[in-house]
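If you want the building blocks of each chain, they are given just below.
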Amino acid sequence: MKLLNHTLLYLSASLIFILSIWAVVFYFSMMDEVYDSIDDGLENYKMLIIKKASQDSTLLSKDSFDESNYAIRPIDREWALRATEQFRDTSMYMEYEEDYEVVRMLTTYFSTPAEQYYELRIITSMVEGEDLVGDLLHALLWLYVAVIASAFIINNWVLRKIWRPFYELQHELRGFKLGEDKSFKPPQTKVTEFRDMNDTVAALLKANIAVFQHQKQFIENASHELQTPLAIAINKLELLLEQFQGADGQMQLLANAIQYLERMTRLNKSLLLLSKIENKQFSKEEKVNFNQRLRQQVADFDELLQYKDITVEIVEKARFTRVFNADLADVLITNLLKNAIVHNHSGGTVHIVIKDNGFEIANTGLKQPLDPGKMFARFYRAADNASSTGLGLAVVKAIAQLYQAELDYHYEAGIHYFNFQLPT
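Figured I'd write up the structure that's included with this text. (Residues numbered from 1 in each chain as written. Predicted model: local features only at pLDDT ≥ 70, side-chain atom pairs only at ≥ 80, totals over all residues. Heavy atoms only, no water.)

This part takes up the overall build of the protein. A count of helices and strands for the protein gives ten helices and eleven strands. Sorting the 424 residues of the protein into buried and exposed places 35% on the buried side. Counted over contacts in the protein with a minimum sequence separation of 6, partners at least 24 positions apart contribute 66%. Accessible area for the protein stands at about 26,800 Å²; split by element, carbon and sulfur atoms hold 55% of it. (Helix = DSSP H or I, 4+ residues; strand = E, 2+ residues; numbered from the N terminus. Buried < 20%, exposed > 50% of the residue type's maximum accessible area, 1.4 Å probe, protein only. Contact = heavy atoms within 4.5 Å. Areas by Shrake-Rupley, 256 points an atom, 1.4 Å probe, with all protein chains shown as cover.)

This part is about the nonpolar core. Counting 37 residues, the largest nonpolar core has Phe-290, Phe-324, Leu-332, Leu-336, Ile-352, Phe-359 and Phe-420 as its most contacted members. Elements with a minimum of two residues in this core: helix H7 (290-300), helix H9 (326-342), strand S8 (349-355), strand S9 (358-364), helix H10 (392-402), strand S10 (406-412) and strand S11 (415-421). Discounting residues that sit within four places of it in the chain, Phe-290 has contacts with Phe-320, Arg-322, Phe-324, Ala-329, Leu-332, Ile-333 and Phe-359. Ile-38, Ile-72, Phe-110 and Leu-136 belong to the second-largest nonpolar core, a separate cluster that totals 18 residues. (Core = buried A, V, L, I, M, F, W, Y, C linked by side-chain atoms within 4.5 Å.)

It is worth spelling out the pairing of strand S3 (residues 99-111) at this point. Pairing between strand S2 (residues 86-94) and S3: nine bridges, direction antiparallel. Note on S3: the bridge partner recorded for Asp-89 is Arg-104. Of the pairings in the sheet, the one linking S3 to strand S4 (residues 117-125) comprises nine bridges and is antiparallel in character. Across the sheet, residue Ser-111 finds its bridge partner in S4, namely Tyr-117. Between S3 and S4, which pair antiparallel in sequence order, lie five residues; one of them, Glu-115, sits at a positive phi of approximately 65°. (Pairing = 2+ DSSP bridges.)

What follows covers the packing of H9 against H10. At their nearest, the axes of H9 and H10 sit 9 Å apart, and the two run at 140° to each other. If you check the angle between H9 and H10, you find them oblique. H10 is crossed by H9, and the crossing has left-handed handedness. Taken together, the residues of H10 that come into contact with H9 (itself represented by Leu-328, Val-331, Leu-332, Asn-335, Leu-336 and Asn-339) are Gly-392, Leu-393, Val-395, Val-396, Ile-399 and Leu-402. (Axes fitted to C-alpha atoms, helices over the stretch in contact; angles between N-to-C directions. Parallel < 35°, antiparallel > 145°, perpendicular 65-115°, else oblique. Left-handed = near helix turned anticlockwise from the far one by under 90°.)

So, about the sheet that holds S4. With antiparallel pairing, four strands are arranged side by side in an open sheet as S1-S4-S3-S2. Here the strands that pair on one side only, and so sit at the sheet edges, are strand S1 (70-75) and S2. When the angles between neighbouring strand axes are averaged without regard to direction, this sheet yields 30°.

What follows is about the side chain of Thr-112. Among the secondary structure elements, Thr-112 is positioned in the loop between S3 and S4. Overall, the relative accessible area of 14% leaves Thr-112 in the buried class. Apart from residues no more than four positions distant in its own chain, Thr-112 is found in contact with Leu-60 and Tyr-118.

Take the environment of Lys-287 next. Position of Lys-287 relative to the elements: it lies in strand S5 (residues 286-289). The class for Lys-287 is exposed, based on a relative accessible area of 66%. For the pair formed by Lys-287 and Arg-322, sequence separation is 35 residues and the distance between their alpha carbons is 5.5 Å. Sequence-distant contacts of Lys-287, that is, excluding residues within four places in its chain, are made with Thr-321, Arg-322 and Val-323.

This part covers the sheet that holds S10. Strand pairing in a sheet is mediated by backbone hydrogen bonds. Such pairs are either parallel or antiparallel. Strands sit in the order S6-S8-S9-S11-S10 across an open sheet of five strands; the sheet is mixed. Looking at the sheet topology across the chains shown, the edges are occupied by strand S6 (311-316) and S10. Geometrically, the sheet is characterised by an average inter-axis angle of 15° between neighbouring strands, direction not taken into account. Across seven bridges, the pairing between S10 and S11 is antiparallel. Its bridge partner being in S11, Glu-406 is matched across the sheet by Gln-421.

This next bit is on the packing of aromatic side chains. Taken as a whole and judged by the stated rule, the model has nine aromatic pairs. Consider the rings of Trp-22 and Phe-26, whose centres lie 5.1 Å apart with planes at 15°: the pair is stacked. Of the two residues, Trp-22 and Phe-26 are both situated in helix H1 (residues 3-55); the distance of four residues between them amounts to about one turn of the helix. Residue Phe-26 is classed as partly exposed on the basis of its relative accessible area, which comes to 34%. Here Phe-324 and Tyr-403 contribute two aromatic rings whose centre-to-centre distance is 3.8 Å and whose plane-to-plane angle is 15°, an arrangement assigned as stacked. Taken as a pair, Phe-324 in strand S7 (residues 321-324) and Tyr-403 in the loop between H10 and S10 lie far apart in primary sequence, 79 residues in all. Neither residue differs from the other here; Phe-324 and Tyr-403 are each classed as buried. Among the aromatic side chains, those forming a connected cluster through ring pairs are Phe-290, Phe-320, Phe-324, Phe-359, Tyr-403 and Phe-420. We note Lys-62 situated over the ring of Tyr-70; from NZ or CZ to the ring centre the distance is 4.9 Å. (Phe/Tyr/Trp six-rings, centres within 6.5 Å; stacked < 30°, edge-to-face > 60°. Lys NZ or Arg CZ within 6 Å of the ring centre and 35° of its normal.)

Structure follows, in structure tokens:
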């Protein structure tokens, strides 16, 4: 969820709570004012009726409401002296509504100069609570919609404008890659917090660029300085082995030394490759046809396949083409295909299935599954191949992580399956 929408969500929830409390308080305050106004009107009407009754005695015989809103009936002196004036809500049948409606009634008592006591009841129309609540809820709903609509407009116009430096910084960071000749330019802003964030990010990137450049220089120096003496040592030992006329045991020692130096060379190359992948130094990308490269790699391994009597079958279900670093694509295919061949047995098979977003390599080999928790770890080697560097599948895993691809392994009925799949 975007930050602006997240803000709007909390704002909407807060408004619902606040407006609900406001509606309850407003309802009771309004009803209190309504009752005060009606009761004041009844009191005023009472005074007018009593004054008129003292002048016109015929009013004292009106004991029912009928067409008027008051009724008078005589009562005992003792009852009149004990009773108190009261206001209350009651219901009366209304001819127009053809139903009972709530009315406000004032019951009071008075006496005439002739010491006659009477009960006076006065009624007036009352605001219907249910109708008032319905109207209030309806008005509150429209008020809430109007407030939310206003908040949405403000949120997407004013706040988006305020947060523009943040989004510009986000865009700049998304397009920034270490190793590219592109300087980081933070957006200009007058907001202090955003300016401090820009300065902090710029300083952090500057430090990381410096570390990256030093590391890159070290990797390049290490690649050159280590590969050269190793190649010279292997060459001299090979010449010495050709000229050596000693015992078979001594010749075997020389051969073993050459073998370990060659393994050290491969190990050094793999470690340097891993370091470059993790530091994202393979920034140059192009459209890579994996179908073509898989066919080419199988052809390159033709001699080894014939030597081990391994049959390779390629099933192209789709054309797998993606923007990818060409060198890493070759390394990925080479390591997986080499793993399927080296850990295979004589007369075995390798089955390759190419899909629109990846490929799967299945091979015969050990009659037991590999350890999924260790097989992609560095320096993990199968027991049947002591000459392996244990970095081939680690390099494959690093390439998959670089491109956020899925790399799965499973074993079924004597077949080892490696599945590489890029996100769609």
